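So you can see what is in the structure, the chains are spelled out below.
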Amino acid sequence: MKNDIVLSMRGICKTFPSVRALYNVDFTLCKGEIHALMGENGAGKSTLIKVLTGVYQKDSGQISIAGVNKDITIKSPQEAQNLGISTVYQEITLCPNLTVAENIFIGRGKYHFVNWRSREKKATEILSRLNIPTSATRQLGTCSLAVQQMVAIARAVDMECKVLILDEPTSSLDEKEVALLFSLMRDLKLRGVGIIFITHFLEQVYEICDKITVLRSGELIGEYKINDLPRVQLISKMLGKDLDDISELKNRKLSQTMKDAPLVYEAKGLSSAEGIKPFDFLIHKGEVNGFTGLLGSGRSESVRAIFGADRITCGEVRVNEKNAKISKPKDAMKFGIGYLPEDRKQDGIIEDLSVRENIILALQVMKGFFRPFSKSEAETFADKYIKLLGIKTASRDTPIKSLSGGNQQKVILARWLLTNPQYLLLDEPTRGIDIGTKVEIQKLVLKLAAEGVSVTFISSEIEEMLNTCSRLIVMRDRKIVGELKGEEMTQAKIMHTIAGEATQNG
């Protein structure tokens with residue numbers, strides 16, 4: 001087995017001023033192995049990868065690469081590449097205006113000596129060998145994100161990488177694109193490439209990986225074979241404590257019967273200009289329900305219609321059992337409805353404003369911009385929710401773009417909680433954030449429901465929906481195709497309902 005080791009890191013330490021980022025961390029990668037590197041934000045994953053790729057130099061410890069018989073300190077990304085270590089990041093770092101072939105070979109050789117016809121032929125051979133569904137002469141920017149990721153991997157493989165680091169490669173991909181990427185990863189595994197896989201998606205880890213290494217607070221918690229570490233134990237090791245049983249919180253909530261709770265919102269025949277077929281929908285006080293379905297099924301468009309963010313084409317709405325007209329977001333806000341959008345960067349945060357300014361934004365809209373809050377009022381609001389939600393920020397005046405994704409999401413939640421909402425629409429509130437923050441947000445949703453707030457919750461992760469919701473509305477092709485509750489709420493039943501198939505045993 002020792003001969004199969006392609007990368008060995010032993011006792012790696014790295015300290016920054018006043019911060020110990022890594023302490024005595026070991027990591028081992030074998031040929032033909034897909035190895036997940038897991039941990040919360042701040043666990044040390046990025047620092048370990050940056051030490052391995054030459055962005056940072058280790059303070060102490062040993063690094064050895066197969067075929068190099070000495071302890072090495074990698075001084076630059078170029079040196080890492082020369083040693084056979086390649087990284088593909090979540091954000092594509094290639095040139096979208098160039099062809100696929102040009103991207104595979106760019107930077108190698110001087111242009112006036114390059115025979116591009118020959119290179120295009122070689123690129124075609126590489127694409128064929130790796131089953132990448134695109135043409136060598138196609139402009140990269142016209143390819144899907146998944147294919148662009150695969151081209152970046154093809155470039156790394158052609159440069160004879162021994163170690164391939166995939167850093168959140170699936171965050172922006174749909175299910176079919178993830179399947180394409182996983183097919184390529186399995187092919188590279190058979191070719192003997194060692195792959196380090198960093199992701200927030202637990203289901204993907206258990207689908208594709210052979211081993212898991214867990215870091216917490218800059219220290220090694222352990223290395224495990226995938227079959228030896230159940231998901232609950234993985235989360236527990238990442239958090240450093242036994243998880244409060246979210247299902248217990250949910251069951252406690254369910255013990256309060258929904259049929260006796262008043263209706264908060266009801267829609268009949270609601271449809272929008274975004275192609276949502278007319279649908280009926282209701283939610284009771286203190287209920288957590290959700291829209292589920294494949295990407296493009298109409299989940300997000302449904303909640304946007306409820307909030308008035310898309311133009312309503314027909315339908316009737318009642319709020320607190322009285323007729324209501326909601327044709328724009330400000331109407332919804334007046335009725336106590338808040339909305340956390342799917343794309344927090346584009347539709348949620350205002351990057352150049354501070355945490356404080358982002359938190360008070362919705363309440364300021366409701367009050368009117370010609371009646372601004374005093375600075376002391378705004379600071380009081382911000383401080384309250386920074387503390388309440390545990391938002392990690394240097395100060396209330398820090399630009400929100402400086403915060404991690406999970407903390408940005410908490411700021412948007414704080415924005416709506418400040419308005420004292422009776423109904424919250426949360427579209428992918430945990431996307432792209434670490435496991436610990438995901439659990440915090442799920443627990444917060446159930447806590448809000450216990451206090452009487454109604455919540456509609458959307459997540460691409462079915463397990464998260466099952467943990468959080470008491471009722472699921474299933475969508476396909478922009479229309480509702482089923483509703484599940486109680487014992488019907490299983491992954492199998494959801495999948496069969498999406499597919500339009502009956503199940504034998506639920």
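Per chain, residue numbering runs from 1 following the sequence as it is written. Residue-level local features of this predicted model are given only where pLDDT is at least 70; pairs of side-chain atoms are given and counted only at 80 or more, and the full residue set underlies all totals for whole chains, interfaces and linings. Working from all heavy atoms in the structure, the side-chain values ignore hydrogens and water.

K.L.:
Explain the sheet that holds strand β6 (residues 163-167) here, please?
P.N.:
The pairing of strands in a sheet happens through backbone hydrogen bonds and is either parallel or antiparallel. By the convention used here, strands pair only if DSSP detects at least 2 bridges between them. A run of H or I in DSSP becomes a helix once it reaches four residues, and a run of E becomes a strand once it reaches two; helices and strands are each numbered from the N terminus. Taken in spatial order, the six strands line up as β5-β6-β7-β3-β8-β9 in an open sheet, and their pairing is mixed. With one partner strand each, in any of the chains shown, β5 (85-88) and β9 (219-225) form the two edges of the open sheet. The sheet shows a mean angle of 20° between the axes of neighbouring strands, direction not considered. The pairing of strand β8 (residues 211-216) with β9 spans six bridges and is classified as antiparallel. Directly across from R216, in β9, lies its bridge partner E219. The axes used here are C-alpha line fits, helices contributing only the stretch in contact, and every angle between their N-to-C directions lies in the interval 0 to 180 degrees.

K.L.:
I'm lost on the nonpolar core in this one. Help?
P.N.:
Nonpolar side chains in soluble globular proteins tend to be buried together. Counting 71 residues, the largest nonpolar core has Y265, F281, F291, I306 and Y423 as the members making the most contacts within it. The element that contributes the greatest number of residues to this core is helix α16 (residues 405-417), accounting for six residues. Only buried residues count toward a nonpolar core, which is a set of Ala, Val, Leu, Ile, Met, Phe, Trp, Tyr and Cys residues joined through side-chain atoms within 4.5 Å. The rule is simple: take the accessible area with a 1.4 Å probe, protein chains only, and divide by the maximum for that residue type; under 20% is buried, over 50% is exposed, in between is partly exposed. Core analysis: the second largest hydrophobic core is formed by 53 residues, L94, V100, C161 and I208 among them.

K.L.:
Please explain the environment of T419 as it appears in this structure.
P.N.:
As for its placement among the helices and strands, T419 is situated in the loop between α16 and β16 (423-427). A relative accessible area of 14% means that T419 is categorised as buried. For the pair formed by T419 and K189, sequence separation is 230 residues and the distance between their alpha carbons is 51 Å. When near neighbours in sequence (up to four residues on either side) are disregarded, T419 contacts A362, L363 and M366. Pairs of N or O atoms are called polar contacts if they sit within 3.5 Å, as long as, within protein, a hydrogen donor faces a hydrogen acceptor (for residues adjacent in sequence, only side-chain-to-side-chain pairs). A distance of 2.5 Å separates the side chain of T419 from the backbone oxygen of W416, its partner in a polar contact. Only heavy atoms enter the contact rule, under which two residues are in contact if any of them lie within 4.5 Å.

K.L.:
How should I be thinking about the packing of α16 against helix α17 (residues 435-450) in this particular structure?
P.N.:
In a packed pair of helices, the relevant descriptors are the angle between the two axes and the axis-to-axis distance. Their axes nearest at 11 Å, the elements α16 and α17 cross at an angle of 15°. As summarised for this structure, α16 and α17 are arranged roughly parallel, according to the angle between their axes. At the point where α16 passes α17, the crossing takes the left-handed sense. Contacts between α16 and α17 involve G406, Q409, K410, L413 and L417 on the former and, on the latter, T437, E440, I441, L444 and L448. Under this grouping Gly is polar, as are all residues other than the nonpolar Ala, Val, Leu, Ile, Met, Phe, Trp, Tyr, Cys and Pro and the charged Asp, Glu, Lys and Arg. For the contact of α16 with α17, the per-class residue count stands at five nonpolar, three polar and two charged. Roughly parallel here means an angle under 35 degrees, roughly antiparallel means over 145, roughly perpendicular means 65 to 115, and every remaining angle is called oblique. Handedness of a crossing follows from how the near helix is turned relative to the far one, being left-handed for an anticlockwise turn of less than a right angle and right-handed for a clockwise one.

K.L.:
Help me out: how do you make sense of the pairing of strand β3 (residues 34-38) in this one?
P.N.:
Along any regular strand the residues' side chains alternate between the sheet's two faces. Across the five residues of β3, five count as buried, placing the element largely inside the fold. Of the two faces of β3, the one carrying I34, A36 and M38 and the one carrying H35 and L37 are both buried. Where β3 meets strand β7 (residues 194-198), three bridges bridge the pair, whose relative direction is parallel. By the bridge assignment for β7, H35 is matched with I196. Sheet topology note: the β3/β8 ladder contains four bridges and is parallel. Bridge pairing in β8 links M38 to V214.

K.L.:
Help me understand the environment of T15, please; the structure alone is not making it clear to me.
P.N.:
Looking at the secondary structure, you find T15 in strand β1 (residues 5-16). Expressed as a C-alpha distance, the spacing of T15 and A492, which sit 477 residues apart in the sequence, is 47 Å. T15 has contacts with R20, A21 and D59, leaving out every residue within four places of it along the chain.

K.L.:
Quick question: what am I supposed to make of the sheet that holds strand β10 (residues 263-272) here?
P.N.:
The strand order across the open sheet built from four strands is β11-β10-β13-β14, with neighbouring strands paired in antiparallel fashion. Whereas interior strands pair on both sides, the edge strands pair on one side only; in this sheet they are β11 (279-284) and β14 (322-324). Strand-to-strand twist of the sheet, defined as the mean angle between neighbouring strand axes without regard to direction, takes the value 20°. Across six bridges, β10 lies against strand β13 (residues 312-319) in antiparallel orientation. By the bridge assignment, K268 is partnered in β13 with E316. On top of the sheet, helix α10 (residues 299-307) reaches β10, β11 and β13; it is set at about 115° to β10, its chief contact.

K.L.:
What's the story with the side chain of D310 in this structure? I'm lost.
P.N.:
Tracing the backbone shows D310 in the loop between α10 and β13. Of the residues examined, D310 reaches a relative accessible area of 8% and is grouped as buried. Side-chain polar atoms of D310 contact the side chain of R304, separated by 3.0 Å. Not counting the four nearest positions on each side in its chain, D310 is found in contact with S272, E274, E301 and R304.

K.L.:
What is the right way to look at the pattern of salt bridges in this model?
P.N.:
Pairing between side chains becomes possible if they bear opposite charge and their charged atoms approach one another. The term salt bridge refers to a side-chain nitrogen of Lys or Arg lying within 4 Å of a carboxyl oxygen of Asp or Glu. The full count for this structure, using the stated rule, is 20 salt bridges. Between E219 and R20 there is a salt bridge, and its shortest N-O distance comes to 2.7 Å. Separated by 199 residues along the polypeptide, E219 in strand β9 and R20 in strand β2 (residues 19-30) bring together distant segments of the chain. Exposure remark for R20: the relative accessible area of 44% places this residue in the partly exposed category. In this structure, D187 and R191 form a salt bridge, with 3.0 Å as the shortest nitrogen-oxygen distance.

K.L.:
When you look at α16 in this model, what are you seeing that I'm missing?
P.N.:
Because each turn of an α-helix spans 3.6 residues, side chains separated by three or four positions in sequence point in the same direction. Multiply 1.5 Å by the residue count of a helix minus one, and that product is the helix's expected span. In this model, α16 (13 residues) spans 19 Å end to end at C-alpha, consistent with the 18 Å of a helix rising 1.5 Å per residue. Counting buried positions along α16 yields 13 of 13 residues, so the element is predominantly enclosed.

K.L.:
Hey, could you run me through the packing of aromatic side chains in this one?
P.N.:
The geometry of two aromatic rings is summed up by the distance between their centres and the angle between their planes. Note on ring pairs: Phe, Tyr and Trp rings are taken, using the six-membered ring of Trp, and paired if centres are within 6.5 Å. Classes follow the plane angle, with under 30 degrees stacked, over 60 edge-to-face and the rest tilted. This structure, assessed with the given rule, holds nine aromatic pairs. With 5.0 Å between their ring centres and 70° between their planes, F16 and Y56 make a pair best called edge-to-face. One end of the pair, F16, is in strand β1; the other, Y56, is in the loop between α1 (45-52) and β4 (60-65), and 40 residues separate them in sequence. Note on F16: relative accessible area 26%, which makes it partly exposed. On the basis of relative accessibility, which here comes to 25%, the residue Y56 falls in the partly exposed class.

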